[in-house]
Amino acid sequence: MASTADGGKSFARRDRLLEIEATVRKWWDETDIFRAESVETPPSPGEKFFGNFPFPYMNGFLHLGHAFSLSKLEFASAYHRLRGANVLLPFAFHCTGMPIKASADKLSREVQKFGNPPVFHNDIEDSINKLELEKKDTENGGNQNLPDKFKGKKSKAVSKSSGEKTQWEILRSYGLSDSDISKFQDPYYWLKFFPPLAVEDLKAFGLGCDWRRTFITTDINPFFDSFVRWQMRKLKKLGKIVKDLRYTIYSPLDGQPCADHDRASGEGVQPQDYTLIKMEVVPPFPPKLRTLEGKKVFLAAATLRPETMYGQTNSWVLPEGKYGAFEINDTDVFILTARAALNLAYQRFSRVPEKPTCLVELSGYDLIGLPLKSPLAFNEIIYSLPMLTILTDKGTGIVTSVPSDSPDDFMALHDLKSKLALRAKFGVKDEWVLPFEVIPIINIPEFGDKSAEKVCQDLKIKSQNDKEKLAEAKRLTYLRGFTEGTMLVGEYAGMKVQEAKNLIRNKLLELNQALMYSEPEKKVMSRSGDECVVALTDQWYITYGEPEWKKKTEECLAGMNLYSDEARHGFEHTLGWLNQWACSRSFGLGTRLPWDEEFLVESLSDSTIYMAYYTISHLLQRGDMYGSDSSSVRPYQMTDEVWDFVFCGGSYPKSSDISSSLLNKMKQEFEYWYPFDLRTSGKDLIQNHLTFCMYNHTAIFPKRHWPRGFRCNGHIMLNSEKMSKSTGSNFRTIRQAIEEFSADATRFSLADAGDGMDDANFVFETANAAILRLTKEISWMQEVLASDSSLRDSPPSTYADRVFANEINIAVKMTESNYNDFMFREALKTGFYDLQAARDEYRFSCGINGMNRELIYWFMDIQTRLITPICPHYGEYVWRELLKKDGFVVKAGWPVAQTPDLTLKKANKYLQDSIISMRKLLQKQVSGSKKGNKNAPSTVENKPEVVFIYVNERYDGWKEECLRILQNKFNAETRRFAPDGEILEALKETEIGQDGNFRQIQKLCMPFLRFKKDEAVVVGPHALDLKLPFGEMEVLQENLEVIKRQLGVDRVEVLSIADPLAVVKAGSYVSLLHQTPPSPGNPTAIFLAS
């Protein structure tokens, strides 16, 4: 941005763009330019383009994370609209699920606790539940800040806190008054407040959306509610929804399963199943456990390896760990961590369901030395011993010890046996440790029957504290033990471990010596602020993973364009593990399950086929996003028969009282637009929403209506740092970005940010540079148009004209290819940066003769069209106000271009590279550089006025022989050469190779051979040609004036090295021709004073 005299920034250029954008949006609104209508005739390939974007969650303002993913769809849609396709880009808003309800409930708790308006205390973060999201920057619809002018001031208490905000403070930061904030205790008020503001922001962004089709979810919209109910009934009728008892991630505070979009952190985390080994404490009990006499008391150890229980030598506890004795039923008591007890309570293992009862609080020290009887153990009695590396946030805090197969167990037992001081420190008696030896239970090839002992010795592990080596030891043995190990003991001796594992686990369960136990793989926090558990719930599930259904979905995936191998691998991986999905919830916002209205459809299950709803939403809702306009159709009229007729080829619903013309129009809209061509999304939705989308489409729709393409991207960073509200300045809403940079400069920087699956980078400098570039380009065009008389009138004829026209043709073709491939950063390069560079070069090359009018007007037309998908307001303004064109540039048609002349492009590159090389040589000569041959004539003191350019257009002599050999020994398809020995043999057979000392010949030829081989591998077989595909002398001769201007000399002569008379002209400088002889593509310049 330009600076003012007092050192401040001038925003005039940015403000100019904002003015242009406001003007252009009025033009668009007046003609409803983005309105999309179907026609009766089915579209031919490429005639229509239907793209969509996962509707964002409406618990806050849209931010640049949304804008980045959305920009991929917007740029693609704008390109297809420009080229003449009938484009549908709709947009809707997601309100289903817990986030809004959680925020509203949080606000209510704050009002109840601190008053209305609340008066917070300094210890606020300890007084209320922490509800802020841990992934605020990447989740759709996170609460965001408005631009600075809307911000409220933080209270002193919150400013001093760790950065966590109360819900009241979050809403106050939006510039809301206290009286307005109180309204947000009603979750439905959020639905009225945020979606209209999101529409405003997206219109300001320039989104080419048909806003008649917008809607919100939940039962507040009766039409969408009817659509979801139909979808659920259809899935149930197809057998895709069942009621089942299974483990699921669960929020105790919400009292319901917690799916990915209900989570503040832990998206994608699944239940981890363990076998819980019941290790019975042998009476008499120590004093700390006396209150438990009369009950069966067990240390409960969670294991993933029940097959190893034969080799137990002890159990492990964390001395400093906090444990409890929890009632499981009337007779059994489990000693474990409170966290594990809570999980068990939700898995129906607690005397009081869902409420673990702790009879005695214990520490790990209280458990050391307890005698135990453990299932399958060959040792009749084992003891509980201390281990310092136990994690109490995983498993139960109780660990079984099998030193034959666990490197950790082996080293911990070894330490206790060998270190008297360690035993004394924890009060461990010798008889609890010393008698117990390693028991061989599994044989692993290469590791034998005591794999842990062997690998610890091989890696020279000294103690249980050598964590890195122990991790490597586990890596080496655990997988091998499962896949290649053979049982040596027990009922299944001789059986492979992977076959025996489940049999042994089932036996333990049947004998009531173990339980099935599950917990989250990693920590999961709900949006309501509590840590989730795994619960055994009896509820409704969608049967993802069912073999036949999975097969159809894999077929769908195989036929889709994903634009990235990484994305395809992500979908394949997800299809490999995805299983039954809990589709119902007890609380939150949404649609009721039609056959079991106690439950709501969860937020990832009502958002799988709504793309179909877009095709008819405008006919049902008549542009009202809440579906409150029923003048066309009443919601109750949308029966299952009607939905089936419109979407699934069902028979005409004769019982319907909807007019036949409207029914047929709805069917026409769906049949015309479906299937959708593209859905853009962040890559985090591969593991749930996007895969669910494929599953549901294959279940409900015929194959011809399956999705055609997904394009996934990474997250967006701001200035190479993670985007987050917590840093304040490193977070931007869409509204803030537009106010700071303008819409088109924001879009420009989003296009420049990156196109792959890796995280992209929105750079503020790029956005500011875009402001400068766009406004300067407008000024340049205004100047050119004002001085039209200075342009050449004659038809394009000069070398510079031909080159410039060729560069325009290249830009059109390459940019078209980049837009087709959704490579928008490359489209920006070829359609704007490269084209501007070509224009600047052309302007200089024309010199005093001036630029050609026809070419410059063509350039302005082409550049405007090529940049329009990315910067549509700029493009529209230039099109109408400067170029005085009819219609709208957004629908102007893709420009027609001739086939690029690649030889001409190479010739011009040769010219420009040669000029650069000569200019560098001249600068050295003028500055008196002493590099080079000391015997060369001394440089002149005066600036050179004459340059001789010597050209050798063809390789000859030994170089020609070398190139012919390489041509014969090169595979153009693989870009590989025959072995060097074969090339040298061929060289020996040549006339040069047989003439004289071959070692000398080899010494002469090898550097050239190596250089040309490397070049051919990079650029292909053309590197081995004897001459360039154009006449070098002709190119240089045609551009003498350009060379003179670029070098600042009075005279230029182009000479052939093959002409003896030309060589004589070099005079005393002829030695330079011997030192650096010209070769094809590399002329030699000699500068003279006169």
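Please read all numbers here as calculations on a predicted model, not as lab measurements.

### Overview of a nonpolar patch on the surface
Here is step 1: Among the surface-exposed residues, V1017, V1018 and V1019 lie close enough to one another that they form a single nonpolar patch of about 260 Å² accessible area.
Here is step 2: Mapped onto the fold, V1019 is located in helix α33 (residues 998-1019).

### Let's talk about helix α31 (residues 957-968)
Here is step 1: With 12 residues, α31 ought to run about 16 Å at 1.5 Å a step, and its terminal C-alpha atoms sit 17 Å apart, in line with that.
Here is step 2: Considered for burial, the residues of α31 that qualify are E960, C962, L963, I965 and L966.
Here is step 3: Buried residues in α31 make contact with β29 (970-971), β30 (976-977), α32 (980-989) and α33.

### Re the environment of M411
Here is step 1: Its location among the elements puts M411 in helix α12 (residues 407-418).
Here is step 2: By relative accessible area, M411 is classed as buried at 2%.
Here is step 3: Expressed as a C-alpha distance, the spacing of M411 and F227, which sit 184 residues apart in the sequence, is 61 Å.
Here is step 4: In this view, M411 contacts C456, I461, K462, S463, Q464 and L470; residues no more than four positions away in its chain are not counted.

### Quick look at the sheet that holds strand β2 (residues 86-88)
Here is step 1: Spatially, β2-β1-β23-β24 is the arrangement adopted by the four strands of the open sheet, whose pairing is parallel. Across the chains shown, the open sheet's two edge strands, defined by having one partner strand only, are β2 and β24 (710-713). Neighbour-to-neighbour, the strand axes of the sheet open up by a mean angle of 20 degrees, direction not taken into account.
Here is step 2: Where strand β1 (residues 48-52) meets strand β23 (residues 678-682), two bridges bridge the pair, whose relative direction is parallel. The residue bridging N52 from the neighbouring strand is R679, located in β23.
Here is step 3: Where helix α19 (residues 610-621) meets the sheet, it contacts β1 and β23, and its direction lies at approximately 120 degrees from that of β1.

### Describing the sheet that holds strand β26 (residues 721-722)
Here is step 1: Reading across the sheet, the three strands line up as β26-β25-β27 and stay open at both edges, with mixed pairing between neighbours. Bordering the open sheet on either side are β26 and β27 (760-762), each of which pairs with just one other strand.
Here is step 2: Note that strand β25 (residues 716-718) and β27 share three bridges and pair parallel. Its bridge partner being in β27, I716 is matched across the sheet by A760.

### Quick word on helix α2 (residues 64-82)
Here is step 1: For α2, built from 19 residues, the straight-helix expectation of 27 Å at 1.5 Å per residue is met to within 8% by its first-to-last C-alpha distance of 25 Å.
Here is step 2: Of all the bends in α2, the greatest, near 35 degrees, is centred on L70.
Here is step 3: Of all 19 residues in α2, 19 are buried, a share of seventy percent or more.
Here is step 4: Phi turns positive, to about 110 degrees, at G84, one or two residues after α2.

### Overview of the pattern of salt bridges
Side-chain pairing between opposite charges can occur once the charged atoms of the two side chains come close.
Here is step 1: Inspection of every chain in the model, using the stated rule, returns 67 salt bridges.
Here is step 2: Between E74 and R747 there is a salt bridge whose closest N-O contact spans 2.8 Å. Of this pair, E74 sits in helix α2 while R747 sits in helix α24 (residues 743-752); the two residues are 673 residues apart in sequence, bridging distant segments of the chain.
Here is step 3: Note on E74: relative accessible area 2%, which makes it buried.
Here is step 4: Residue R839 is joined to D840 by a salt bridge in which the shortest nitrogen-to-oxygen separation is 2.8 Å.
Here is step 5: According to the relative accessible area criterion, R839 is buried, its value standing at 4%.
Here is step 6: Classification of D840 as partly exposed rests on a relative accessible area of 35%.
Here is step 7: Look at the salt bridges and you will find they share partners, linking D32, R35, E37, D210, R212, R213, K665 and E669 into a network.

### Points about the pairing of strand β17 (residues 514-520)
Side-chain direction in a regular strand flips from residue to residue, so the side chains alternate between the two faces of the sheet.
Here is step 1: Burial analysis of β17 places six of its seven residues in the buried class, which makes it a mostly covered element.
Here is step 2: Relative to β17, strand β6 (residues 271-281) runs antiparallel, the two being bridged by seven bridges. Considered in β17, the bridge of Y274 is made with Y517.

Reading the values: rules and limits
Residues numbered from 1 in each chain as written. Predicted model: local features only at pLDDT ≥ 70, side-chain atom pairs only at ≥ 80, totals over all residues. Heavy atoms only, no water. Patch = residues over 30% accessible without salt bridge, like charges linked within 9 Å, V, L, I, M, F, W, Y side chains within 5 Å. Areas by Shrake-Rupley, 256 points an atom, 1.4 Å probe, with all protein chains shown as cover. Salt bridge = Lys/Arg side-chain N within 4 Å of Asp/Glu carboxyl O. Helix = DSSP H or I, 4+ residues; strand = E, 2+ residues; numbered from the N terminus. Expected span 1.5 Å × (residues − 1). Buried < 20%, exposed > 50% of the residue type's maximum accessible area, 1.4 Å probe, protein only. Contact = heavy atoms within 4.5 Å. Pairing = 2+ DSSP bridges. Axes fitted to C-alpha atoms, helices over the stretch in contact; angles between N-to-C directions. Bend = angle between axes of the 7 residues up to and from the residue.

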